[in-house]
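Notes for the structure review
Residue strings, one per chain:
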Amino acid sequence: MVGERVRKLREEKGLSQEEFARRIGIPVDRLREIEEGRLEPCDATLVYISKLFDVSFWWLKEGRKEVAEVA
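Residues numbered from 1 in each chain as written. Predicted model: local features only at pLDDT ≥ 70, side-chain atom pairs only at ≥ 80, totals over all residues. Heavy atoms only, no water.

**Points about the environment of Lys8**
For Lys8, the location among the structural elements is in helix α1 (residues 2-12). Overall, Lys8 belongs to the partly exposed group, its relative accessible area being 44%. Between the C-alpha atoms of Lys8 and Thr45, which are 37 residues apart in sequence, the distance is 16 Å. (Helix = DSSP H or I, 4+ residues; strand = E, 2+ residues; numbered from the N terminus. Buried < 20%, exposed > 50% of the residue type's maximum accessible area, 1.4 Å probe, protein only.)

**Examining the pattern of salt bridges**
Evaluated as defined, the whole model comprises 10 salt bridges. Taking the shortest distance from any N to any O, the salt bridge between Glu11 and Arg10 comes out at 4.0 Å. The class for Arg10 is buried, based on a relative accessible area of 10%. Between Lys61 and Asp43 there is a salt bridge, and its shortest N-O distance comes to 2.8 Å. Of this pair, Lys61 sits in helix α5 (residues 57-62) while Asp43 sits in helix α4 (residues 43-52); the two residues are 18 residues apart in sequence, bridging distant segments of the chain. The class for Asp43 is partly exposed, based on a relative accessible area of 37%. (Salt bridge = Lys/Arg side-chain N within 4 Å of Asp/Glu carboxyl O.)

**Some details on the environment of Val6**
Here Val6 is to be found in helix α1. Sequence separation between Val6 and Leu46 is 40 residues; the distance between their C-alpha atoms is 9.1 Å. Those residues in contact with Val6 that lie beyond four places of it in its chain are Phe20, Leu31, Ile34, Glu35 and Leu60. (Contact = heavy atoms within 4.5 Å.)

**Let's talk about the nonpolar core**
Counting residues in hydrophobic clusters, the biggest one holds 15 residues, and the most contacted among them are Val6, Phe20, Ile49 and Phe53. Breaking this core down by element, the ones donating at least two residues are α1, α2 (17-24), α3 (28-35), α4 and α5. (Core = buried A, V, L, I, M, F, W, Y, C linked by side-chain atoms within 4.5 Å.)

Right under this line is the structure:
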């Protein structure tokens, strides 16, 4: 689930929900809803998180480690 991966990333970076939410520019209540699986973040938010914290967009979105190349 996306929320579980967002929470894992936040915890690995040693950030509180408040600090993580501030860094990605969303209210902390929205972050809580994402982490609890009650709200699905939009792709733009996931792209921003992936770039800011240097993780794969596809890992955040779908849990994939790598993306297969399309010929």
